[in-house]
Amino acid sequence: MTSDGTLELIRDFRAGRPRALARAITACESGNGARVVAELYALAGNATTVGITGPPGVGKSTLSAALVRKARTLGRRVGVISVDPSSPFSHGALLGDRIRLAEHFTDPDVFIRSMASRGHLGGLAGATADATLLMDAFGFQFIVVETVGAGQSEVEIAELAQTTIVALQPGSGDSVQLLKAGIVEIADIFVVNKGDHPMADQLRREIRSMLQISEHGAWVPELVTTQAVHGQGIDELWDAIERHAAYLVESGELEQRKRERFAYQVRSIAAGRIRALVDGRIDVGSAAGDPYDAASQALASLGIEE
Amino acid sequence: MARRLRIVVAKAGLDGHDRGAKVIARALRDAGMEVIYTGLFQTPEQIVQTAIQEDADGIGLSILSGAHMTLFPLVLEQLRAQGAEDVVFFGGGTIPPDDAAALKKMGVQEVFTPGAPLQEIVDFVERECGKRALLSS
Ligand SMILES: Nc1nc2c(ncn2[C@@H]2O[C@H](COP(=O)(O)OP(=O)(O)OP(=O)(O)O)[C@@H](O)[C@H]2O)c(=O)[nH]1
Ligand SMILES: [Mg+2]
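All values reported here derive from a predicted model rather than from experimental measurement.

Would you mind going over the domain arrangement of chain A with me for this structure?
Interface extent is often summarised as the accessible area lost during association of the parts. Residues and elements named next belong to chain A. Domain annotation of chain A identifies domain 1 (1-39), domain 2 (44-251) and domain 3 (252-306). Look at where the C-alpha atoms of domain 2 and domain 3 centre, and you get two points 30 Å apart. Contacts between domain 2 and domain 3 engage 20 residues on the former and nine residues on the latter. Counting each side, the surface lost to burial between domain 2 and domain 3 is near 1200 Å², with a carbon and sulfur contribution of 44%. Sorting the residues of domain 2 by area buried against domain 3 places Glu159, Gln162 and Leu248 first, and these three jointly supply 39% of that buried surface. Where domain 2 meets domain 3, there are two salt bridges. Of the charged contacts, one joins glutamate 159 and arginine 267 as a salt bridge, the two residues approaching to 3.6 Å between their closest N and O atoms.

In structure tokens form, the structure reads like this:
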């Protein structure tokens, strides 16, 4: 982006023009967002950020839509970010989470952005943190971030969101899956969606017994049952989110999470830059030696001493 | 990190057939683009708001219901009202040649009729939406 273009973009953003927010997010996605973020960073810091993760098809987008509806009845301005995977072959993506949010498309106080993961592995896109920050700076008060349909190890959302919801559905695995490490560990709130399913009771029991034998801090993860398509259980989920938000403030964990989030962003920006630099210095010739040697050489050529 | 093309593929009006739209969405995806799929029964306002929030380079609208002469102009009107004329607007469906010509005169950039080779559509989108992406980055 030209320097004039960036100035105009920042001016339009400050004037509250949605197109400027949209273009600022694109700039971050394209690796050109440093200046825009630097200019707008001070405006952020007021939003509540809730992450929703869980396996493909569990109902994350339907839950997002229901939470947006609830937040709107309370008059909050809402941002939604939904991440879907990019193709490892064509690098294209089909972003389909919006379908469930159609009722909110023309609400000026709801801004929805679909993001492709673009090879990022943690369940988010590389620019999801930037997009969250920009929506916050734009004045959205409640921000929902939906991860890609997660397997077991996409846990990055916990670093970004204040409250992480892990959605599970009945009839998909047994109590051993719940004991494995990974996304079940990052839940502040468990949601059993599709609560009308005959196996819902069993899943609830399994989650409860897993919680009894697992270690957690002062916050014991809550368990809420929903039928997101019918809006059932959403008030209870909202209350659980508010209880968790209150806990974060009272315990002082909110400040700690903010610091962790800052560190997470710094780490991802710095790591991204180093990765790009290293990519240009990889020697695959016979002089390269073993992979550890070659890595040290690549770092040394960048002036990085270990 | 390159700027990737982002295209909204939408279905407007009352017909519930989205096979054609899905075939196009898939072809654009396989050509390396990020396709935002809105689902069925979208109004012109919904389509244009989606394109704005998603910072889409193009909108592809599929209409099989016969309502193309009302829906395409309404989308154009919305794009103008929102100051988003830079978004490339194209479409397809069961559209007679005379109507297609009329729509292009109004400002729809291309109208593909059934049987248009997928590659032709992909090439068009890459070329025209690529220009917008270049200007805005
Ligand atoms: N029976 C039932 N179906 C539901 C419920 N919630 C969502 N669904 C359906 O489950 C399917 C998947 O819902 P989505 O919200 O798209 O799921 P998702 O987790 O966002 O999916 P991905 O983003 O692809 O991982 C849809 O057909 C929904 O209508 C529910 O409470 N009960
Ligand atoms: Mg989804």
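There is more to say after this.
Looking at this structure, I do not really get helix 9 (residues 234-251) of chain A. What am I missing?
Each turn of an α-helix holds 3.6 residues, which means side chains three or four residues apart point in the same direction. Residue and element names in this part refer to chain A. When the terminal C-alpha atoms of helix 9 are compared, their 25 Å separation across 18 residues agrees well with the 26 Å that a helix rising 1.5 Å per residue should span. For helix 9, the full list of buried residues reads Ile234, Leu237, Trp238, Ala240, Ile241, His244, Tyr247 and Leu248. Glycine 252 lies just past helix 9 and shows a positive phi near 80°.

Help me understand the packing of aromatic side chains in this model?
Working definition: an aromatic ring pair is given by the centre-to-centre distance plus the angle between the planes. In this structure the tally under the stated criterion is ten aromatic pairs over all chains. A ring pair is formed by A:Trp219 and A:Tyr247, whose centres lie 5.4 Å apart and whose planes are at 40°; its orientation type is tilted. Of the two residues, A:Trp219 is situated in the loop between helix 8 (200-213) and strand 8 (222-225) and A:Tyr247 in helix 9; the sequence distance between them amounts to 28 residues. Exposure class is identical for A:Trp219 and A:Tyr247. Each is buried. Each ring, one from B:Phe90 and one from B:Phe112, has its centre 6.5 Å from the other, and the planes form 85°; the classification is edge-to-face. A residue pair is termed long-range when its members are at least 10 positions apart, and B:Phe90 in strand 4 (residues 88-93) and B:Phe112 in strand 5 (residues 110-112) qualify at 22 residues. For B:Phe112, a relative accessible area of 8% corresponds to the buried category. Across the ring face of A:Phe140, the terminal group of A:Arg77 is positioned such that the distance to the ring centre comes to 4.7 Å. Cation over ring: A:Arg98 sits above A:Phe105, and NZ or CZ is 4.6 Å from the ring centre.

What am I meant to see in the pattern of salt bridges here?
If charged atoms from side chains of opposite charge come close, those side chains can pair. Enumeration according to the criterion identifies 31 salt bridges over all chains in this entry. With a shortest N-O distance of 2.8 Å, A:Arg17 and A:Asp12 are connected by a salt bridge. In this structure, A:Arg113 and B:Glu54 form a salt bridge, with 3.9 Å as the shortest nitrogen-oxygen distance. With A:Arg113 in strand 4 (residues 110-116) and B:Glu54 in the loop between helix 2 (44-53) and strand 3 (58-63), this pair bridges two chains.

Honestly, unusual backbone geometry in this entry has me stumped. Any pointers?
Excluding glycine, most residues fall at negative phi; most peptide bonds, likewise, are trans. Residue and element names in this part refer to chain A. Of note, the phi angle at histidine 91 is positive, near 65°, even though the residue is not glycine. Since its relative accessible area comes to 41%, histidine 91 is described here as partly exposed. The backbone of lysine 194 shows a phi angle near 60°, a positive value even though the residue is not glycine. Along the chain, lysine 194 falls in the loop between strand 7 (189-192) and helix 8.

So what exactly am I meant to see when it comes to the interface of chain B and chain A here?
Taken together, the 33 residues of chain B in the interface contact 27 residues of chain A. Interface area for chain B against chain A, summed over the two sides, is near 2600 Å², with a carbon-plus-sulfur share of 51%. Ranking the residues of chain B by area buried against chain A places B:Glu34, B:Tyr37 and B:Gln53 at the top, with a combined share of 23%. Inspection of the chain B/chain A interface yields five salt bridges. At the junction of chain B with chain A, the criterion picks out 18 residue pairs in polar contact (both at pLDDT 80 or more). Broken down by secondary-structure element, the contributors of at least two residues to the side of chain B that touches chain A are helix 1 (19-30), strand 2 (34-37), helix 2 and helix 5 (118-136) of chain B.

Is there a simple way to explain the sheet that holds strand 5 of chain B in this structure?
Sheet strands pair via backbone hydrogen bonds, and the direction of the pair is either parallel or antiparallel. In space, the six strands of this open sheet follow the order 3(A)-2(B)-1(B)-3(B)-4(B)-5(B), with parallel pairing throughout. Each end of this open sheet is capped by a strand with a single partner; those strands are strand 3 (93-95) of chain A together with strand 5 of chain B. Between one strand axis and the next, the sheet turns by 20° as a mean value, whatever way the strands run. Taken together, the three bridges between strand 3 of chain A and strand 2 of chain B define a ladder with parallel strand orientation. Bridge pairing in strand 2 of chain B links A:Leu95 to B:Ile36.

Would you mind showing me how to read the layout of surface pockets here?
Rolling a probe over the atoms, with the probe sized like a water molecule, indicates the empty space that remains. Residue and element names in this part refer to chain A. Computed from the structure, the second largest pocket encloses a volume of approximately 580 Å³. What lines the second largest pocket is a set of 34 residues, among which Glu185, Ile186, Ala187, Asp188 and His216 lie closest to the centre. Sorting the residues of the lining of the second largest pocket by element identifies helix 6 (157-160), helix 7 (175-179), helix 8 and helix 10 (253-279) as the ones contributing at least two each. At seven residues, helix 10 tops the list of elements feeding residues into the lining of the second largest pocket. Of the residues assigned to the lining of the second largest pocket, the class counts are 18 nonpolar, six polar and ten charged.

What's the story with the sheet that holds strand 8 of chain A in this structure? I'm lost.
Residue and element names in this part refer to chain A. One open sheet holds the seven strands; their spatial order is 4-2-5-1-6-7-8, and the pairing between them is parallel. Each end of this open sheet is capped by a strand with a single partner; those strands are strand 4 and strand 8. In this sheet, neighbouring strand axes are inclined to one another by 20° on average, regardless of whether the strands run parallel or antiparallel. Relative to strand 7, strand 6 (residues 163-168) runs parallel, the two being bridged by four bridges. In the strand pairing of strand 7, alanine 167 is matched with valine 191.

Looking at this structure, I do not really get the site of ligand 1. What am I missing?
All names here are of chain A. Near ligand 1 lie 18 residues; those nearest to it are Gly59, Lys60, Ser61, Thr62 and Arg100. Contacts to ligand 1 include valine 58, whose backbone N or O atom sits 3.2 Å from an oxygen atom. Between threonine 62 and ligand 1, the recorded distance is 2.5 Å, taken from a side-chain N or O atom to an oxygen atom. Burial of ligand 1 by the surrounding chains reaches 74%, relative to a free accessible area of 650 Å². The leading source of residues in the shell around ligand 1 is helix 4 (residues 60-73), at three residues. Of the residues that constitute the shell around ligand 1, the class distribution is five nonpolar, seven polar and six charged.

Rules of the game
Residues numbered from 1 in each chain as written. Chains lettered and ligands numbered in written order. Predicted model: local features only at pLDDT ≥ 70, side-chain atom pairs only at ≥ 80, totals over all residues. Heavy atoms only, no water. Domains from an automatic or database assignment. Contact = heavy atoms within 4.5 Å. Buried area = accessible area lost by both parts, 1.4 Å probe. Salt bridge = Lys/Arg side-chain N within 4 Å of Asp/Glu carboxyl O. Helix = DSSP H or I, 4+ residues; strand = E, 2+ residues; numbered from the N terminus. Expected span 1.5 Å × (residues − 1). Buried < 20%, exposed > 50% of the residue type's maximum accessible area, 1.4 Å probe, protein only. Phe/Tyr/Trp six-rings, centres within 6.5 Å; stacked < 30°, edge-to-face > 60°. Lys NZ or Arg CZ within 6 Å of the ring centre and 35° of its normal. Polar contact = N/O pair within 3.5 Å; in protein donor to acceptor, adjacent residues only side chain to side chain. Pairing = 2+ DSSP bridges. Axes fitted to C-alpha atoms, helices over the stretch in contact; angles between N-to-C directions. 1 Å grid on protein atoms, 1.4 Å probe; cavity = no way out; pocket = protein on both sides within 12 Å on 5 of 7 lines; lining within 4 Å. Points joined across faces, edges and corners; volume = space filled by probe spheres on them. Nonpolar A, V, L, I, M, F, W, Y, C, P; charged D, E, K, R; others polar. Near = heavy atom within 4 Å. Areas by Shrake-Rupley, 256 points an atom, 1.4 Å probe, with all protein chains shown as cover.

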